[in-house]
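Listed below, chain by chain, are the residues.
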Amino acid sequence: MVRRAITLGGGGPAAGLHIGVLDALAAADKKFDIWALSCIGAWVGIVYNQFDKKEVKDKDRPEQTYQFFKNGVFRDDESYERFPINRVFGPDWRANTKALSKFIGDSDNYKDFVWDPYKMMDSFQESMSLFFNHIGEKKKPNFEKLDEGDINGWILNQAMAPNPFVRYLTSLLYLSNVTGLSRINYPNSAFMKSIKFERLFPEENEDDKPFIFHNAWNLDKQKLALFSNRRTGEKAYQGAINASTLCACSALPFVEETVKIDGDTYCEGALVDTVNFQTLIENHGHEIDEIWVSRIVDSKQIRKPENLHDALANLCQLFAATVGEDDVKLFKYHLKEENNWKGTVVEIHVPAHIDFKWNHSNLDQGRRLGRAAAEKAIAAYEAAATTTAADNTVLFINERKDESEGQHLDRDRLAKAIAKVKGDADPKAYTTYLKKMDWRVNAKTGAHVKPNDKGKYSNGSMPYPAFAMSNAEVKEIYRLLGQSGANTNQL
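For clarity, every value in this text was computed on a predicted model and none was experimentally measured. (Residues numbered from 1 in each chain as written. Predicted model: local features only at pLDDT ≥ 70, side-chain atom pairs only at ≥ 80, totals over all residues. Heavy atoms only, no water.)

Novice: Kindly report on the overall build of the protein, identifying the contributing residues and their values.
Specialist: A count of helical and extended segments in the protein gives 17 helices and 15 strands. Taking contacts inside the protein between residues at least 6 apart in sequence as the whole, the part at least 24 apart equals 69%. With an accessible surface of roughly 27,000 Å², the protein has 52% of that area assigned to carbon and sulfur atoms. (Helix = DSSP H or I, 4+ residues; strand = E, 2+ residues; numbered from the N terminus. Contact = heavy atoms within 4.5 Å. Areas by Shrake-Rupley, 256 points an atom, 1.4 Å probe, with all protein chains shown as cover.)

Novice: Tell me about helix H13 (residues 360-384), and name the residues and values.
Specialist: Counted at 1.5 Å a residue, the expected span for H13 with its 25 residues is 36 Å, and the 36 Å between its end C-alpha atoms agrees. Those residues of H13 lying buried are His360, Asn362, Leu363, Gly366, Arg367, Leu369, Gly370, Ala373, Ala374, Ala377, Ile378 and Tyr381. (Expected span 1.5 Å × (residues − 1). Buried < 20%, exposed > 50% of the residue type's maximum accessible area, 1.4 Å probe, protein only.)

Novice: Which residues make up unusual backbone geometry, and what values go with them?
Specialist: Unlike most non-glycine residues, Cys39 shows phi in positive territory, near 45°. Structurally, Cys39 can be placed in helix H2 (residues 39-49). Unlike most non-glycine residues, Asp262 shows phi in positive territory, near 50°. With respect to the helices and strands, Asp262 occurs in the loop between strand S8 (259-261) and strand S9 (264-267).

Novice: Explain the pattern of salt bridges residue by residue, including any values.
Specialist: Counted by the stated rule, this structure contains 15 salt bridges. One salt bridge in this structure joins Lys332 and Glu347, with 2.7 Å as the shortest N-O distance. Highlighted residues: Lys332 in helix H12 (residues 308-338) and Glu347 in strand S11 (residues 344-348), separated in sequence by 15 residues. Of the two residues, Lys332 and Glu347, both sit in the buried class. Beyond isolated ion pairs, a larger network of salt bridges with shared partners links Asp23, Glu63, Arg367 and Arg371. (Salt bridge = Lys/Arg side-chain N within 4 Å of Asp/Glu carboxyl O.)

Novice: An account of the sheet that holds strand S13 (residues 440-442) is requested, with residue identities and associated values reported.
Specialist: With antiparallel pairing, 3 strands are arranged side by side in an open sheet as S14-S13-S15. At either end of the open sheet lies a strand with only one pairing partner, and these are strand S14 (448-449) and strand S15 (461-463). Summarising the sheet, S13 and S14 pair through 2 bridges and their orientation is antiparallel. When the sheet's bridge partners are listed, Val441 is paired in S14 with His448. (Pairing = 2+ DSSP bridges.)

Novice: For the confidence of the model for the protein, give the residues involved together with the corresponding values.
Specialist: Of the residues in the protein, 88% have a pLDDT of 70 or more, and the chain-wide mean is 86. Note on residues 402-406: pLDDT is under 50 here. Beyond four places in sequence and across chains, it has 9 contacts. (pLDDT = per-residue confidence, 0-100.)

Novice: Quick rundown of the nonpolar core? Include the residues and the values.
Specialist: Within the largest apolar cluster, 74 residues are counted, with the highest numbers of intra-cluster contacts made by Trp35, Trp43, Ile46, Phe69, Ile195, Phe197 and Trp292. Looking at which element gives the most residues to this core, the answer is helix H1 (residues 15-27), with 8 residues. Each residue touching Trp292, except ones within four places of it in the same chain, is listed here: Arg4, Ala5, Ile6, Thr7, Leu25, Lys30, Phe32, Val346, Ile348, Ile378 and Tyr381. Counting residues in hydrophobic clusters, the runner-up holds 20 residues, among them Leu226, Ile291, Trp341 and Val394. (Core = buried A, V, L, I, M, F, W, Y, C linked by side-chain atoms within 4.5 Å.)

Novice: Any details on the environment of Cys39? Residues and values, ideally.
Specialist: On the basis of relative accessibility, which here comes to 9%, the residue Cys39 falls in the buried class. In sequence terms Cys39 and Glu268 are 229 residues apart; their C-alpha atoms lie 6.7 Å from each other. Not counting the four nearest positions on each side in its chain, Cys39 is found in contact with Gly10, Cys249, Ser250, Glu268 and Ala270.

Novice: Residue-level account of helix H8 (residues 164-175), with values.
Specialist: Because an α-helix completes one turn every 3.6 residues, residues spaced three or four positions apart along the sequence face the same direction. Its 12 residues give H8 an end-to-end C-alpha distance of 15 Å, which sits within 8% of 16 Å, the value for a rise of 1.5 Å per residue. Its side-chain oxygen 2.9 Å from the backbone nitrogen of Phe165, Asn163 forms the N-cap of H8. (Polar contact = N/O pair within 3.5 Å; in protein donor to acceptor, adjacent residues only side chain to side chain.)

Novice: Account for the pairing of S9, naming residues and giving values.
Specialist: Burial along S9 is two-sided: the residues Asp264 and Tyr266 and Thr265 and Cys267 are all buried. Both strand S4 (residues 211-218) and S9 contribute to a ladder of 2 bridges, which runs antiparallel. Pairing of Asn218 across the sheet is with Tyr266, part of S9. Pairing of S8 with S9, which is carried by 3 bridges, proceeds in the antiparallel orientation.

Novice: So what's going on with the packing of aromatic side chains? Residues and values would help.
Specialist: In this structure the tally under the stated criterion is 14 aromatic pairs. Considering the side-chain rings of Phe32 and Trp292, the 6.2 Å spacing of their centres and the 80° angle between planes classify their relative orientation as edge-to-face. With Phe32 in the loop between H1 and strand S2 (34-37) and Trp292 in strand S10 (residues 290-294), this residue pair connects regions lying 260 residues apart in the sequence. Exposure class is identical for Phe32 and Trp292. Each is buried. (Phe/Tyr/Trp six-rings, centres within 6.5 Å; stacked < 30°, edge-to-face > 60°.)

Novice: I'd like a description of the pairing of S10, backed by residues and values.
Specialist: Most of S10 is tucked away, with 5 of its 5 residues classed as buried. Judged by which residues are buried, S10 turns out to be covered on both faces: Glu290, Trp292 and Ser294 on one side and Ile291 and Val293 on the other are all buried. The sheet contact formed by strand S1 (residues 4-8) and S10 spans 5 bridges and is parallel. In the sheet register, Ile6 faces S10, and the bridge partner there is Trp292. When S10 meets S11, the two strands line up parallel, connected through 5 bridges. If you follow Trp292 over to S11, its bridge partner there is Val346.

Next up, the structure:
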């Protein structure tokens, strides 16, 4: 019997991709003995595994998981439009009030409220030197147009920074004992109690429960910590999974407050180690034949921001994407070079056309795309027709080697864009273009190119998606269709 592990990485609003992946895997009857999780991947993996197997069949787990996130985490599109915060990122009003009271009651914070004529004179002189470039010289001052950067710098450093009232408010905002914009670590809340953590743990003589672990970063000990549903001898093991460890796992700095567990303070671990690949191999390599990798964020998902919501999302996701990409590359490199494990790695490609909104439409689209990506990986796995590595080395299936050539594009959207440009209103035309997405074509003519008897394609051929996107009009329609609420009838 083949023993499998699955890794679910972080990516916040891209959670729908994981759900879609699990949807396809459950439909294909792929079961996993080990779950290596981080950040939102830990939430998806734990929710997926917390259902009573007597009440919820395996094939129904993805739908139940989807409903949990739809009703408890993501917000409906209409309300999200003007309130772009998910349902669990609430400010910690009690902690904020305590921090405010403590700051206001600390006499040291009022030391700046002292009349200091010398500092004010220094600020005045620097201001005058900015506005009169040659002040102090014998010749007439030279008045020049101020650069916007100089004006902003003057406002920050000469107008705001020396002002004791502004200094007080700024220190109140940045130096109070508040460690994040929101808090989700409420173990006794109805939301957290809706996750039945006790069902993750095997009962006596119960051997069919999967081994589940997730990470978090211990800020006091400066090391990665692992929490699992079984006690292990691993050095990084810190305890059993519970509501607080799950919140610690996803406590992204600045966005979420840190979490205290047994005296130590934790934050998200995914930005240090995506899903603990090394631990997976060193401690569980002898137990597994296959590792399925689901990494849901990619640097190609980052878009030009239109507001602070987009900019903050990019800040978080770009780090997560690049760390995830690098960790997967390093993981594969060590497997190839060290040859300590002789199993199979199946990669599930990351669709690059989701956004980072916590709304229902993004959750739904992620689920569809994740399912499609997993189905493609399953097809590649079945085409390989083996679970044993060739030549006594690790076997990689469904490696992404051509994403720069257009295979990462949203095929459904691209087919609609092509049909729009071609003027084909017939639904069959869209289906025809969709089927072409797996083609390679002549780079000049677009004619279908087939491989030779060795499976090689001739020079001058390229994937059809890349060829289609070389058309400026198709590219523009594709971009417009990617905007929220757009459809072909509006273009």
